[in-house]
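Structural characterization, general
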Amino acid sequence: MATATAKKLDNEMAESYSRSKTRRTNWQTNWEAVRKHLRPNVPSFQGGNTRQGERGSQLTESIYDSTAPWALEQLASGLYSHMTDPTSRWFSLGVRGMAFEDMPYELRLWLEQVADRMYQEFSNPATRFQQTLKEVFLDLCSFGTGIQYGNWDRNLKAMNFRSYALSTVNIDEGYNGMVDTVYRDFDMTKRQLLQEFPGVSFTDQIDKAPDEKEYVVTHAVRPNSDFAGSLKKAFKSVHFIDEQKLVLAEGGYDVFPYQVPRWTTMSGEVYGRGPGLTALPDIRLLNVMYKEIIQAAQLNNRPPLVLDDDGFMLPISYQPGSLIFRTPGSADPMPLNTGGDFGITLDMMNQKRDQIAKAFHVDWLLRDKKKERQSVHEVTDDRSEMLKQLSSVTGRLESDHFSPTIKNTFFHLARNKQLPPKPEGLPNLALEITYTSPAAKAQLASKADNITRYLADVAPLRAIDPTITEGLNMPALGQEFAILRDVTNRVMLSPQAMADAKKKREEDEQAAVQSEQAGQLGSALKDVAGAQSLGLGV
């Protein structure tokens, strides 16, 4: 991104940034409560968008019961493993408007090679994609909104993914409901400003400030159509200091670099609402109850003592072997019985723990395994049922998060000539993404299960009537199973190769029949000749 001589921030950008900050005012209180009870290690939502003032301080003072953080971790890990498992393929590429079986074999093979190259990019530790995903899922499941940044790094010659704290980001969406505007705040010292933006003329206030003076720098990315100018980019990028109304750098992006998944949104709201907000009342109550039961246990262990007035010399020592002096005839100290019932409180706490676990779908992600042996169909049904409970969430994640991420990665790899060359003769086609993660496969598993069950049902009937399966197109059945099970195209024949193999097989069978007939005819002629030589009159 090119830097330019600093200039004053225009009113349109300043007003847009101010509106984005005002729009999230009502969210701040709820997010801060969620942060204290679920994500204490992320920056605070109070006192501005930076972490200044809380660095090195105790951040878990509001957490007495760890059920909510544990449930959050389970849900984030479940989404990670069921949607983007790095050990398996979770998406494939296709052509819009063209069925898989209608694609030329060369096109199918090329699409798989392109997907393999993208998997390689996502698995590259230097891109930080896997680490970023987990942080995004934690924010998504707690606050309801996650922030991911992905762009090409010229130094690494690879993609560079990062996650940013929600407290540092303001967002807005376009007419289609997709987030297309991001304002991200971050701290920079004067020394860092001079290093990052060399040659920029700063204000007198910045010039006179000490090198360690910190400023809040904002990185704005908005559709370029929102601004006037000659920039030939789809999105305009501006770095500025709002306090100084000072622009530090301007540039642009061909594709939107931020991916902003949201758990669910209400009509008219830009930010999402996650399970953390849903379970917040129960989380607060559980922590209060846990704190109370700790205090009650302390009172029960060291209760207040009831003493006769002037009966004992104070202070009373609780140390072993201590000497305690009392007035002759005074009664022994008696512990004060508060009459508390731990059982009722513990039952209520367990109820709240169950409700919190259900709010984070832990009851579906960690279902109790049956002790008796289960068939393959039963295991598949249980897993499909679990994943279908999250289908609305997974569908939104595919739309808001993974599709933009995959498209951006494809764009940057193609522009930097990192993809396999397309076979000659193939036209330019619009590609589309097909998800093959366990969650996505659960939505397609019924097709494969129906075929498997049908074959299991008709298998016993073949002993009665072998012709019962003559209506099945076995090559097409094999191809359909391969598609549903996401079998690599490298082991599948193209339709032309299948037709050629079938033709050759028929020719070989016909040649074998002709050879057998010729042998039989030769044997018959030999027998006739032998009979004639014996004068049998044949």
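Details of the structure are given in the entry above.
The structure reproduced in this document is the subject of the present report. (Residues numbered from 1 in each chain as written. Predicted model: local features only at pLDDT ≥ 70, side-chain atom pairs only at ≥ 80, totals over all residues. Heavy atoms only, no water.)

**With respect to the side chain of H401**
Residue placement: H401 occurs in helix α13 (residues 391-415). Classification of H401 by relative accessible area gives buried; the value is 0%. In contact with H401, not counting residues within four places along its chain, are L133, V136, F137, Q148, Q259, P261 and R396. (Helix = DSSP H or I, 4+ residues; strand = E, 2+ residues; numbered from the N terminus. Buried < 20%, exposed > 50% of the residue type's maximum accessible area, 1.4 Å probe, protein only. Contact = heavy atoms within 4.5 Å.)

**Quick look at the pairing of strand β2 (residues 91-95)**
Within β2, five of the five residues are buried, which leaves the element mostly enclosed by the surrounding structure. Relative to strand β13 (residues 431-435), β2 runs antiparallel, the two sharing five bridges. For V95, the partnering residue across the bridge sits in β13 and is L431. (Pairing = 2+ DSSP bridges.)

**Remarks on the nonpolar core**
Burial of nonpolar side chains together is a common tendency in soluble globular proteins. By size, the foremost hydrophobic cluster in this structure holds 77 residues, and its most contacted members are F91, F137, I171, Y258 and F360. Ignoring anything within four residues of it in the chain, the contact list for Y258 reads I147, Q148, Y149, Y164, V182, R184, H219 and V221. If you look at the next biggest cluster of nonpolar residues, it comprises 13 residues, including M188, L193, L248 and A249. (Core = buried A, V, L, I, M, F, W, Y, C linked by side-chain atoms within 4.5 Å.)

**Quick notes on the packing of helix α2 (residues 25-37) against helix α9 (residues 280-301)**
Helix packing for two helices is described by the angle between their axes and how far apart those axes are. Orientation of α2 relative to α9, taken along the N-to-C sense of each, is 50°, at an axis distance of 11 Å. With respect to their mutual orientation, α2 and α9 come out oblique. Between α2 and α9 lies a crossing of left-handed hand. Taken together, the residues of α9 that come into contact with α2 (itself represented by N30, A33, V34 and H37) are L280, I283, R284 and N287. Counted by class, the contact of α2 with α9 contains four nonpolar, three polar and one charged residues. (Axes fitted to C-alpha atoms, helices over the stretch in contact; angles between N-to-C directions. Parallel < 35°, antiparallel > 145°, perpendicular 65-115°, else oblique. Left-handed = near helix turned anticlockwise from the far one by under 90°. Nonpolar A, V, L, I, M, F, W, Y, C, P; charged D, E, K, R; others polar.)

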